[in-house]
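Structural description and commentary
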Amino acid sequence: MTEEVRDKAPEMPRQLKTVRVFLWIQAVLNLLASALVTALAINELDHGNEEAGLALALALLGFAVSLTLIACAIRISRGSSWVRPTVIGVEGLSVVLGVISLISGGAVTQLIGMGIAIGIIVVLNKPEERAWFTR
């Protein structure tokens, strides 16, 4: 009996599949928040509040972060080498901004986002998941 050996593409680690879901959730929520802040900032600017320009700039940054997360969520299944450091950087920035927000009197709900970000960073630094991006 002869058996045909087929090259089977390795399957993405299960925890990376979970990370991919969280990246999509973060991207969508970030898009919604950025759209809301943009609308509010434009309304404030229309009414002469020049200080709303900073909010508008931050909303535009939010859109850029969302697009980055979407690109990472799409490419994570292929193990693209740029995805891991990019996600770690974005999530690290999220943790830093969350800490700054908490210190400056922000909502305690920041802890949820920070927990998700830290969890993603931890998963991306596990040996099996790290190996996914270096194969």
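Because the structure is a prediction, the values reported are computed rather than measured. (Residues numbered from 1 in each chain as written. Predicted model: local features only at pLDDT ≥ 70, side-chain atom pairs only at ≥ 80, totals over all residues. Heavy atoms only, no water.)

**Some thoughts on the nonpolar core**
Put simply, the test is: Put simply, buried Ala, Val, Leu, Ile, Met, Phe, Trp, Tyr and Cys residues joined by side-chain atoms within 4.5 Å make one nonpolar core. Categorising residues by exposure relies on relative accessible area from a 1.4 Å probe, with only protein chains included: less than 20% of the type maximum marks a residue as buried, more than 50% marks it as exposed, and the intermediate range marks it as partly exposed. Helix and strand definitions follow DSSP, with helices as H or I runs of at least four residues and strands as E runs of at least two, each counted in order from the N terminus. Contacts are assigned to residue pairs that have any heavy atoms within 4.5 Å of one another.
Grouped together as the largest cluster of nonpolar side chains are 17 residues, with contacts concentrated most on L16, L23, I76, V87 and F133. Where this core is concerned, the elements lending two or more residues are α1 (14-46), α2 (52-75), α3 (83-103) and α4 (110-124). Ranked by residues supplied to this core, first place goes to α1 with 4 residues. When residues no more than four places from it in sequence are discounted, the contact partners of F133 are L16, I76, G79, S80, S81, V83, R84 and L124.

**Quick notes on α2**
Definition in use: Expected helix span is given by 1.5 Å per residue-to-residue step, counting one fewer step than there are residues.
Its 24 residues place the ends of α2 35 Å apart at the C-alpha level, agreeing with the 34 Å of an ideal helix rising 1.5 Å per residue. Against the buried residues of α2 lie α1 and α3.

**A short note on the UniProt feature "transmembrane region" (unreviewed entry) in the protein chain**
Defined as follows: UniProt positions are given in the numbering used here, feature names are shortened, and annotations may be inferred rather than shown by experiment.
In the numbering used here, UniProt assigns the feature "transmembrane region" (unreviewed entry) to residues 21-42, 54-74 and 95-124. Helix makes up 100% of residues 54-74 and strand 0%, with an end-to-end C-alpha separation of 30 Å. Note that residues 95-124 is 80% helix and 0% strand, and that its end C-alpha atoms are spaced 15 Å apart.

**Some remarks on the pattern of salt bridges**
In plain terms, the rule: Salt-bridge detection follows one rule: a side-chain nitrogen of Lys or Arg within 4 Å of a carboxyl oxygen of Asp or Glu.
Applying the stated criterion to the full structure yields 1 salt bridge. The partner of E11 in a salt bridge is K17, and the shortest N-O contact between them spans 2.6 Å. Since its relative accessible area comes to 62%, E11 is described here as exposed.

**With respect to the environment of F63**
Note that F63 resides in helix α2. Residues F63 and N30, spaced 33 residues apart in sequence, show a C-alpha to C-alpha distance of 7.2 Å. With near-sequence residues (within four places) excluded, F63 lies in contact with L31, S34, A35 and T38.

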